[in-house]
Amino acid sequence: MNPIAVRPLFSASRLRSVASASSTARSAIRSTRRTLVTPTNPVKATVSNVTSEHVREDPGELEGGESLANEGESGKEMFGFKLNPVATKTGGHAKSAGRPIYLDMQATTPMDPRVLDKMLPYFTEQYGNPHSRTHAYGWEAESAVDEARQEVASLVGASAKDIVFTSGATESNNMIIKGIAKFHQAKRKHIITTQTEHKCVLDSCRWLSTQGFEITYLPVLPNGLISLSDLKAALRPDTSLVSIMAVNNEIGVIQPLKDISDTIKAYAKENGTQKALFHTDAAQAVGKIEIDVEKMGIDAMSISGHKIYGPKGVGAAYVRRRPRVRLEPLIHGGGQERGLRSGTVPAPLVVGLGEACRIANREMAADHKRVTELSERLINGITKEVDHIVRNGDVKGYPGCVNLSFAYVEGESLLMALKDIALSSGSACTSASLEPSYVLRALGAAEDMAHSSLRFGIGRFTTEAEIDLVVERIIGVVTRLREMSPLWEMVQEGIDISKIEWSQ
Ligand SMILES: Cc1ncc(COP(=O)(O)O)c(C=O)c1O
């Protein structure tokens, strides 16, 4: 057999040099990993005990004196990020390895260490297949999955039997929207959703429209809420499904779920038609605000693990059994999960989701209070010093999602100047494109304001010190960028730039 030729990427001496120079850094990384798997204090969990000192003090000299860390003007830099001198004092995520302060909780949340602790045995000791019926390994995994199912159900006022485990909210949305549409297609081929849904809902609907379904995309009011009269006007006897998200991932707007389900019921009653089913994508809502599927008249709902301090790659679909919501499964196989989602249930991930839900159930009120305080601290801190800021979306939205547009500042310059803060401009899933956010455009935001928007995502582990540092950085950066802007100069001179007729 011919040996496979392997061409080294670096010379051996260069690799040896990097290896020895960064040994301290590597031992710090090892200790980070270790910290995460040790039992944690269930009352006040912290994500990591490792400080940024290790990385900062040992930048890792490369051959020829080249350094991984470069001295910046006002501090050291690593991999393009300015290491934050305040990071070690802030007590939150910036604490680990001098990385940017994390304020992007709508993209994902860090996993709560208590969740990891609960999951670990199901990887290594209790590794049975929960569908194995003939031995203790299977039984113990099945019992853990049952317990998790109960935790998820309890958080949203459902029965455990109504919960179907999936890989996340994208899959749940696909499964519910396409599955319901397909099941009812013989008689009812109309679906209602909104213009501001997550891409996975919009794209599921777009795909259905290629299959002969008719989709109504409801507009939203300037504050991001739908109009119930628009919904009423859009309902038809052949509407099989209304899919409206609970909390918007870009602007935090909370849609009136109970009023929406009441409107759907009233239409069916008044017109003697079959009631359209009501689905809500609650990926950003479950565990953050009170959701009760019974009280809110929800027929189907999507849940994501990694938005609620649980693991990535797991989620759930609430699919009401009584009265039964009927849908065609997308995945066929062993018939697991009521036949709606075949495939071995990933017990460790599901256990993690269950624990995340249990913690959320217990701590949601306290989390919400803290997040509200931090959110007000952020907004007040910035707006006290900087004017011409627009808050996008309803002010009564979820406080952990604050979307601000900064007039007379170029959006990309803003993000570039704030590399020491992990933020998003618009949805994380679309931030690779420079298109202004479709959600902000649906609110009627001017193109330049949509371009200069930042989303601040605050969560369970965000600290006051982090918020204070972010406030300070935003004030500094926005002031500096405006000083460089000719438009801002004109505004300062009292010129109404909206009245200017620009030539080519
Ligand atoms: C509102 C909303 N729905 C669905 C998703 C997709 O969730 P998942 O990553 O679990 O597939 C997201 C994630 O950004 C979201 O914010």
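Because the structure is predicted, anything quoted here is derived from the model rather than measured. (Residues numbered from 1 in each chain as written. Predicted model: local features only at pLDDT ≥ 70, side-chain atom pairs only at ≥ 80, totals over all residues. Heavy atoms only, no water.)

Moving on: the environment of Met105. With respect to the helices and strands, Met105 occurs in the loop between β4 (101-102) and α5 (113-119). For the pair Met105 and Arg460, spaced 355 residues apart in sequence, the C-alpha separation works out to 9.2 Å. (Helix = DSSP H or I, 4+ residues; strand = E, 2+ residues; numbered from the N terminus.)

Scanning all chains against the criterion turns up 3 aromatic pairs. Over the aromatic face of Trp207 sits the side chain of Lys178, whose NZ or CZ is 5.1 Å from the ring centroid. The positively charged end of Lys189 is found above the aromatic ring belonging to Phe213, 5.0 Å away from the centroid. (Phe/Tyr/Trp six-rings, centres within 6.5 Å; stacked < 30°, edge-to-face > 60°. Lys NZ or Arg CZ within 6 Å of the ring centre and 35° of its normal.)

Direction vectors running N to C along helix α13 (residues 347-385) and helix α17 (residues 464-483) enclose 25 degrees, while the axes themselves pass 9 Å from each other. Here α13 lies roughly parallel to α17, going by the angle between them. Relative to α17, α13 is oriented so that their crossing is right-handed. Counting all contacts with α13, which are made through Leu374, Arg377, Leu378, Gly381, Ile382 and Glu385, the residues of α17 involved are Glu464, Ile467, Asp468, Val470, Val471, Ile474 and Ile475. (Axes fitted to C-alpha atoms, helices over the stretch in contact; angles between N-to-C directions. Parallel < 35°, antiparallel > 145°, perpendicular 65-115°, else oblique. Left-handed = near helix turned anticlockwise from the far one by under 90°. Contact = heavy atoms within 4.5 Å.)

Before going further, it helps to spend a moment on the packing of helix α8 (residues 169-183) against helix α9 (residues 199-210). With their axes 9 Å apart at the nearest point, α8 and α9 run at an angle of 30 degrees to one another. Between α8 and α9, the angle falls in the class roughly parallel. You can see that α8 and α9 cross each other, and the crossing is right-handed. For the pair α8 and α9, contact is made by Thr170, Asn173, Asn174, Ile177, Lys178, Ala181 and Lys182 and by Cys200, Val201, Ser204, Cys205, Trp207 and Leu208, respectively.

Each α-helix turn comprises 3.6 residues. Residues three or four places apart therefore point the same way. The terminal C-alpha atoms of helix α11 (residues 257-271) lie 21 Å apart, and with 15 residues this matches the ideal 21 Å at 1.5 Å per residue to within 8%. Every buried residue of α11 is listed here: Leu257, Ile260, Ser261, Thr263, Ile264, Tyr267 and Ala268. Angular distribution of buried residues about the axis of α11 spans 155 degrees; they occupy a single face of the element. Relative to its buried face, α11 has exposed residues pointing more than 90 degrees away, namely Lys269 and Glu270. Within two residues after α11, Gly272 carries a phi angle of roughly 60 degrees, on the positive side. (Expected span 1.5 Å × (residues − 1). Buried < 20%, exposed > 50% of the residue type's maximum accessible area, 1.4 Å probe, protein only. Arc of directions from axis to C-beta.)

Attention now goes to the site of the ligand. Around the ligand sit 14 residues, and of these Thr170, Asp281, Gln284, Ser304 and Lys307 come closest. Between the ligand and His306, the relevant distance is 2.8 Å, taken from an oxygen atom to a side-chain nitrogen or oxygen of the residue. For the ligand, whose unbound accessible area comes to 390 Å², protein coverage reaches 89%. The dominant element in the shell around the ligand, judged by the number of residues it contributes, is α8, at 3 residues. A class-by-class count of the residues in the shell around the ligand yields 4 nonpolar, 8 polar and 2 charged. (Near = heavy atom within 4 Å. Polar contact = N/O pair within 3.5 Å; in protein donor to acceptor, adjacent residues only side chain to side chain. Areas by Shrake-Rupley, 256 points an atom, 1.4 Å probe, with all protein chains shown as cover. Nonpolar A, V, L, I, M, F, W, Y, C, P; charged D, E, K, R; others polar.)

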